[in-house]
Amino acid sequence: MKKNRAQKDLLWISISIFVVVALWIGFNIYHGRADSTIEPDLQLQITPIDPAFNTQSLDKIKTRKKVIPVYQLDSASGSASTNPNQPIQTSPSADTPAQLPSPKDSFQIQGQ
């Protein structure tokens, strides 16, 4: 007898949960349709994005010359000199960058 009563209670709880979930989903659908309106003047401003790309411009970008930056100073031209009295020392290896004079050498602090 207790087993039969437990099954009835379980069935009642399951049906109650199903009804509550169905009402909850229905209310959310109704609320979403009723409140989610876009003003007419805003609707005119909204336009879909054109999915077609300008392939000619993309091809031009792909064929551009690639520029690789050089992180060495040209000692012959004397460019990027911070102090005309102190020459810039460049390293003999092409893999290492040129060494600039330290900021302490570039100027004198007042009072020295």
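Data block above holds the structure.
Now for a description of the structure that goes with this document. Since the structure is predicted, the reported quantities are computational estimates derived from the model, not experimental observations.

**Description of the overall build of the chain**
Scanning the chain for helices and strands turns up four helices and zero strands. If you list the helices and strands of the chain from N to C, you get α-α-α-α. Each of the 112 residues in the chain was classed as buried or not, and the buried ones make up 3%. Put simply, of all contacts in the chain between residues at least 6 apart along the chain, 24% involve residues at least 24 apart. About 11400 Å² of surface is accessible on the chain, with carbon and sulfur atoms providing 61% of the total.

**Considerations on a nonpolar patch on the surface**
Among the surface-exposed residues, Trp12, Ile13, Ile17, Val21, Ile25 and Ile29 lie close enough to one another that they form a single nonpolar patch of about 610 Å² accessible area. Take Ile13: it is sitting in helix H1 (residues 2–35). Relative accessible area serves as the criterion here: at 42%, Ile13 is assigned to the partly exposed category.

Cut-offs applied
- Residues numbered from 1 in each chain as written.
- Predicted model: local features only at pLDDT ≥ 70, side-chain atom pairs only at ≥ 80, totals over all residues.
- Heavy atoms only, no water.
- Helix = DSSP H or I, 4+ residues; strand = E, 2+ residues; numbered from the N terminus.
- Buried < 20%, exposed > 50% of the residue type's maximum accessible area, 1.4 Å probe, protein only.
- Contact = heavy atoms within 4.5 Å.
- Areas by Shrake-Rupley, 256 points an atom, 1.4 Å probe, with all protein chains shown as cover.
- Patch = residues over 30% accessible without salt bridge, like charges linked within 9 Å, V, L, I, M, F, W, Y side chains within 5 Å.
- Salt bridge = Lys/Arg side-chain N within 4 Å of Asp/Glu carboxyl O.

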